[in-house]
Amino acid sequence: MKRRTAIISMISASIGVTAASYIGWNYKQVTKEVKFNDLSNYKDMLADLVDLIIPETDSPGAKEVGVHYYVVLMITDAKGRKEQNNFINGLADFRDYCKDNYNTVYEKCSESDKIKVLNYFEEQGVQNGIMAKIRTKIFGKSFFRLLKELTIEGYCTSEVGATQLLAYEYVPGRYNAVITMNKNTKTWATK
Amino acid sequence: MGDKITDTKEHKNLSYDAIVVGSGISGGWAAKELTEKGLKTLVLERGRNIEHVKDYPTAMKNPWEFKYRTNNSNAALAERPIQSSHCDETNKHFFVKDTEHPYIQEKSFKWIRGYQVGGRSLTWGRQCYRFSDLDFEANKKDGHGVDWPIRYKDIAPWYDYVEEYIGVSGQKEGLKQLPDGKFLPPIEMNCIENHLAENVNANYTDRKVIHGRVANLTESKNGRSKCQYRNLCSRGCPYTAYFSSNGVTLKDAEVTGNMTLRANSIVKEVLYDAKLNKAIGVRVIDTITKDEIDFYARIIFLNASTIATASILLNSTSDTFPDGLGNSSQQVGHNLMDHIITSGTVGEFDGYQDKYYSGRNPGAIYIPRFQNLNGKKNKNFIRGYGLQAKGERKGWKEKNIKGFGASLKEQLAKPGKWGIWLGGRGETLPDFDNKISLNKTQKDQWGLPLVSVHFKYGSNELAMIDDMQEAAEEMLKKAGFINVTSYRSNPPPGSAVHEMGTARMGNDPKTSVLNKYNQMHDVKNVFITDGSCMSSSGSQNPSLTYMALTARACDYAVKELKKGNI
Ligand SMILES: Cc1cc2nc3c(=O)[nH]c(=O)nc-3n(C[C@H](O)[C@H](O)[C@H](O)COP(=O)(O)OP(=O)(O)OC[C@H]3O[C@@H](n4cnc5c(N)ncnc54)[C@H](O)[C@@H]3O)c2cc1C
Ligand code: SF4
């Protein structure tokens, strides 16, 4: 993980001059054959992660809804090779990071440490500006961004998410172009 | 008229009064008009049958009933590498598989197609705008292309006729460049759309934000239900609330008892009899049996859509027409146009935090052309563009929320900021070099030559997209929008799915393919009323014009047939 980050910052520093060779190296990492089998090693961790992102409140959490299956399905069937590699490598990085910084496997981290790790990864992934755009374009979305986006999508398009967290109308039957909200008005699940 | 003609001995069951090739937006209209006028009509459609409602497998599905929650999977992308920009898991069955229907892109050009009964009438965006004399006179005035052989007054009654039948919601505005029509009540603007409209109307004297004009029923009509505001139209409408061939024109054609609809029938060529100087029928490949069958008729309407119709003509060679049927002008396949589009400009708005909407709007709002009007001249380009727009509050998908846990959930459930999207659609000039041709060596699975598309935007179009972007950004900023940005990716030509012009109308048989009634100059019993007939592209979504021209041409054709002229 540290190595990959280091490489990317080197690219950032030197883009346009010698970037091509670094991109070449790193590009191979993200375009190599994807090891989907690795995903199954992370089943429980993923279930845990999606539930940290969307926990149970007055509506069920993402794990109960099975969002981790959706994340795996989308990574395997509906993402490009680069993002598939980013995701699988990211899971490994995530686990390594827990070990390096908390001296334990992810599963044994405390809830608050887990949140710290998530925060760390989100901060790492904060991408703004032109460099970030270039980076995403070349390397695909980062592990964390994929995880979070897919978790949100999987949850909000599930029956539970759409009808309990959000507002869903199967057949509206009318269009009221302007309504006044009250404090309970929720986002529509679909457009 | 009718039965008698069909039953000559040698052509039993193979002969009809009329053949219509293609069952999409324009073919559906030809079928309805011709059958209602009493002609036994054979409608030939290359794709499979799609029965209204019954064959809309996804129309009533909830998001969670889709395996990929409406996204395209990698397998879907591999089958439809070109079409996939225009479809997703919910409607991809109405778009061709590129792997099965290849064509050659000499330069990048998206040919977005739906091969099935109903064609693209199932998936179209339903925006309906009339052309005006500004458009019909444009070629004559600036010398690009050939003069349209018609003017607004020739088509106006047919626009009325079509709108009254299909049902278009909209509002009268009295704009010269975008004539009013026969409208059902408009779909109201939401709060941010109203905001934009009020501000643009106040900040500019030359432009106006208007209600989109869409073929979605705001009131029930002819046994069709009014729109239920689900905004899932491209899956097919179980309520028949938007206009499609399947739910409307083909239904009425069927009721006459005069229509024979034959799906799975690729029209390979039009059969020409040099002695009669007439087309006598068409040759079909049955996609299931692979058999070739000839069908005969007194008149033929080609409505296979712009590129397909031109390819049928080019493939119909004879001693008289070695370069393709009715191609003495050498214009068939040329002058291909599409509207040039931007990916769009977006802006956010702080305010109206207590306002929302309820129900899902299948329409949009519109800013009609405001450039090169009323004697004002833009220094960078001729003709012009219109802008389509849509406003909404950000939902869970667009909100970029930091953090996770209960607070993330709470944020997801709250409607986000108001946002708006504006996208331009600009006129493309007719250019002989933009064309389709048939490749002599590469063949499709039926042994038909592959279509090859050569298309490049000219400097006029490119100047226009810069202007679209600037104008859109300026309007949004002046109206108080923040974070105004434009997407820089320029979609390849074809992306507007308004391809047209490959068998243009004109007064002079030397420079055009069709006369003012969409009748071939060279072969009088062949009529072409899909987008290939267009002499110029305007900036308006064109299908309404195809429909009006079709109804008008059918009226003329049947009169000529009765008079014994064809
Ligand atoms: C996503 C999308 C949005 C759109 N939005 C709008 C809009 O808002 N407003 C607008 O005006 N237009 C819109 N359009 C464009 C509109 O769909 C077309 O202009 C219109 O459908 C053209 O009508 P047509 O009859 O020429 O062709 P089609 O509707 O495409 O029908 C042609 C038919 O011919 C059949 N065919 C082709 N070749 C053969 C052959 N050799 N033999 C037999 N049959 C054949 C095809 O299978 C098809 O069924 C949109 C299109 C798409 C895809
Ligand atoms: S939004 Fe209206 S027209 Fe479109 S599918 Fe739904 S009910 Fe039909």
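Here the structure is a predicted model, which is why all the values come from computation and not from measurement. For every chain, the first residue of the written sequence is number 1, and numbering continues from 1 along that sequence. For naming, the first written chain is A and the first written ligand is 1, with later ones following in the order written. Two thresholds apply to this predicted model, a pLDDT of at least 70 for residue-level local features and 80 or more for giving and counting side-chain atom pairs, whereas whole-chain, interface and lining totals are computed over all residues. Excluding hydrogens and water, the side-chain values take into account all heavy atoms of the structure.

Here we take up the overall build of chain A. Here a strand is any run of E in DSSP of at least two residues, a helix any run of H or I of at least four, and the numbering for each starts at the N terminus. Counting secondary structure elements, chain A contains eleven helices and one strand. Ordered by position from N to C terminus, the α and β elements of chain A give α-α-α-α-α-α-α-α-α-α-α-β. Taken over 191 residues, chain A has a buried fraction of 48%. For chain A, long-range pairs separated by at least 24 residues make up 65% of all intrachain contacts whose partners lie at least 6 apart in sequence. Element-wise, carbon and sulfur atoms account for 52% of the exposed surface of chain A, whose accessible area totals about 9,600 Å². Buried residues are those whose accessible area, probed at 1.4 Å on protein chains only, stays under 20% of the maximum for their type, while exposed residues exceed 50% and partly exposed ones sit between those limits. Note on definitions: a residue-residue contact is assigned when non-hydrogen atoms from the two residues lie within 4.5 Å. Every accessible area reported is derived by Shrake-Rupley at a probe size of 1.4 Å, with residue values counting cover from the shown protein chains alone.

Attention now moves to the overall build of chain B. A count of helices and strands for chain B gives twelve helices and 20 strands. What the globule rule says is 2.2 Å times the number of residues to the power 0.38, and the radius of gyration is computed from C-alpha atoms. A globule of 566 residues ought to have a C-alpha radius of gyration of about 24 Å, and chain B, at 24 Å, matches this closely. Considered along the principal axes of its C-alpha atoms, chain B spans approximately 80 × 55 × 45 Å. Taking all 566 residues of chain B together, the buried fraction comes to 64%. When the accessible surface of chain B is split by element, carbon and sulfur atoms take 48% of a total near 20,800 Å².

Time to look at the interface of chain B and chain A. At the junction of the two partners, chain B supplies 51 residues and chain A supplies 57 residues. The term buried area refers to how much accessible surface (probe radius 1.4 Å) is lost by two components on association, counted for both of them together. Where chain B abuts chain A, roughly 4,700 Å² becomes buried across the two surfaces, and 59% of that area is made up of carbon and sulfur atoms. Of all residues in chain B, Trp 396, Phe 404 and Lys 409 of chain B give up the largest surface area on contact with chain A, accounting jointly for 18% of the area buried on that side. Salt bridges are identified by distance alone: a Lys or Arg side-chain nitrogen within 4 Å of an Asp or Glu carboxyl oxygen. At the junction of chain B with chain A, the criterion picks out four salt bridges. With a closest N to O distance of 2.7 Å, Glu 398 of chain B and Lys 191 of chain A form a salt bridge. Polar contacts, as counted here, are pairs of nitrogen or oxygen atoms within 3.5 Å of one another; within protein the pair requires one atom able to donate a hydrogen and one able to accept it, and residues that are adjacent in sequence qualify only if both atoms are side-chain atoms. Our count for the chain B to chain A interface comes out at 38 residue pairs in polar contact (both at pLDDT 80 or more).

Before going further, it helps to spend a moment on the packing of aromatic side chains. Stacked, edge-to-face and tilted are the three classes for Phe, Tyr and Trp ring pairs, Trp counted by its six-membered ring, which pair at centre distances within 6.5 Å; planes under 30 degrees apart are stacked, over 60 edge-to-face, the rest tilted. One pass over the structure, following the stated rule, counts 34 aromatic pairs over all chains. With centroids separated by 4.1 Å and ring planes inclined at 20°, the aromatic side chains of Tyr 129 of chain B and Tyr 366 of chain B adopt a geometry described as stacked. Here Tyr 129 of chain B is found in the loop between β3 (104-105) and α4 (133-136), whereas its partner Tyr 366 of chain B is found in strand β14 (residues 365-367), with 237 residues between them in sequence. Residue classification places Tyr 129 of chain B among the buried residues on the basis of a relative accessible area of 0%. A relative accessible area of 1% means that Tyr 366 of chain B is categorised as buried. Centroid distance Tyr 272 of chain B to Phe 321 of chain B: 5.0 Å. Interplanar angle 70°. Geometry classified as edge-to-face. On the criterion of sequence distance, the pair formed by Tyr 272 of chain B in strand β8 (residues 265-273) and Phe 321 of chain B in the loop between α9 (306-315) and β11 (340-341) is long-range, its members being 49 residues apart. Here Tyr 272 of chain B and Phe 321 of chain B have matching classes, each one buried. Counting every residue linked through ring pairs, the aromatic cluster contains Phe 87, Phe 94, Tyr 97, Tyr 106, Tyr 120, Phe 121 and Phe 143 of chain A. Geometrically, a charge over a ring is one whose NZ (Lys) or CZ (Arg) sits within 6 Å of the ring centre while staying within 35 degrees of the ring normal. Above the face of the Tyr 70 of chain A ring, Arg 69 of chain B is positioned so that its terminal group lies 5.0 Å from the ring centre.

By way of backbone hydrogen bonds, the strands of a sheet pair with one another, either parallel or antiparallel. Residues and elements named next belong to chain B. Pairing between two strands is assigned when DSSP locates at least 2 bridges connecting them. With mixed pairing, three strands are arranged side by side in an open sheet as β3-β18-β17. Each of the sheet's edge strands pairs with one partner strand only, and the pair in question is β3 and β17 (435-443). One ladder, built from five bridges, connects β17 with strand β18 (residues 449-454); its direction is antiparallel. Looking at the pairing, Ile 436 lines up with Val 453 of β18. Lines fitted to C-alpha atoms define the axes, with helix axes restricted to the stretch in contact, and inter-axis angles between N-to-C directions lie between 0 and 180 degrees. Each of β17 and β18 is contacted by α9, which is oriented at about 60° to β17, the strand it contacts most.

For the rest of this paragraph, the subject is the site of ligand 1. Residues and elements named next belong to chain B. It suffices for a single heavy atom of a residue to lie within 4 Å of a molecule or strand for the residue to be listed as near it. Neighbouring ligand 1 are 35 residues; Ser 26, Glu 45, Arg 120, Gly 125 and Ser 543 lie closest to it. Between ligand 1 and Arg 46 there is a distance of 3.1 Å, counted from a nitrogen atom to a backbone nitrogen or oxygen. For ligand 1, a nitrogen atom lies 2.9 Å from a polar atom in the backbone of Val 267. In isolation ligand 1 offers 990 Å² of accessible surface; the protein chains occlude 94% of this area. Contributing elements (two or more residues each) for the shell around ligand 1: α2 (25-36), β8, α9 and α12 (543-563).

Bringing the site of ligand 2 into the picture now. Taken together, 13 residues are adjacent to ligand 2, and Cys 227, Arg 230, Asn 231, Cys 233 and Cys 237 of chain B come closest. Of the residues that constitute the shell around ligand 2, the class distribution is nine nonpolar, three polar and one charged. Residue polarity is assigned by list, with Asp, Glu, Lys and Arg as charged and Ala, Val, Leu, Ile, Met, Phe, Trp, Tyr, Cys and Pro as nonpolar; anything else, Gly included, falls into the polar class.

Counted under the stated rule, the structure contains 44 salt bridges over all chains. Counted as one network, the salt bridges with shared partners bring together Glu 79, Arg 80, Lys 97 and Glu 100 of chain B.

Within this scheme, the nonpolar core is defined by two criteria: the residues are buried Ala, Val, Leu, Ile, Met, Phe, Trp, Tyr or Cys, and they are joined through side-chain atoms within 4.5 Å. Core analysis: the biggest nonpolar cluster contains 130 residues, and Ile 166, Leu 196 and Val 282 of chain B have the highest contact counts within it. Residue contacts for Val 282 of chain B: discarding those within four places in its chain leaves Ile 19, Val 21, Leu 44, Val 267, Glu 269, Val 270, Leu 271, Ile 293, Asp 294, Phe 295 and Ile 300 of chain B. Val 50, Ala 62 and Ile 152 of chain A together with Tyr 68 of chain B belong to the second-largest nonpolar core, a separate cluster that totals 49 residues.

Residue and element names in this part refer to chain B. With a phi angle near 60°, Asn 335 is a residue other than glycine that sits in the positive phi range. Mapped onto the secondary structure, Asn 335 falls in the loop between α9 and β11. Judged by relative accessible area, Asn 335 falls into the buried class, the value being 3%. The backbone of Asn 374 shows a phi angle near 50°, a positive value even though the residue is not glycine.

Residue and element names in this part refer to chain B. Its location among the elements puts Asn 258 in the loop between α8 (245-255) and β7 (259-262). A polar atom in the side chain of Asn 258 sits 3.0 Å from the backbone oxygen of Thr 35. Here Asn 258 is in contact with Thr 35, Gly 38, Leu 39, Lys 40, Thr 41 and Ala 253, once residues within four sequence places are set aside.

Should the pLDDT be low somewhere, the predicted coordinates at that spot are not to be read in detail. When pLDDT is averaged along chain A, the result is 84; 81% of the residues meet or exceed 70. Residue-level confidence of the predictor is summarised by pLDDT, bounded by 0 at the bottom and 100 at the top. In the predicted structure, residues 1-24 of chain A sits below a pLDDT of 50 and forms 26 contacts with residues beyond four places in sequence or in another chain.

Here, the term disulfide refers to a pair of cysteine sulfur atoms separated by no more than 2.5 Å. In this structure the tally under the stated criterion is zero disulfides over all chains. Left unpaired, Cys 109 of chain A is separated from the closest cysteine sulfur, that of Cys 98 of chain A, by 4.3 Å. According to the relative accessible area criterion, Cys 109 of chain A is buried, its value standing at 7%. You can see Cys 87 of chain B has no disulfide; the closest cysteine sulfur is in Cys 233 of chain B, sitting 16 Å from it.

Below, the discussion takes up the confidence of the model for chain B. Residue and element names in this part refer to chain B. Per-residue confidence for chain B averages 96 on the pLDDT scale, and 98% of its residues sit at or above 70. Here residues 1-11 scores under 50 on pLDDT; set against residues more than four positions off or in separate chains, the count is 18 contacts. Listed scores for the predicted complex are pTM 0.94 and ipTM 0.93.

Quick look at the environment of His 339 of chain B now. Residue and element names in this part refer to chain B. For His 339, the location among the structural elements is in the loop between α9 and β11. By relative accessible area, which is 0% here, His 339 ends up buried. For His 339 and Gly 424, which are 85 residues apart along the polypeptide, the C-alpha to C-alpha distance reads 9.1 Å. A polar atom in the side chain of His 339 sits 2.8 Å from the side chain of His 498. Among the polar contacts made by the side chain of His 339, one reaches the main-chain carbonyl oxygen of Gly 538 at a distance of 2.9 Å.

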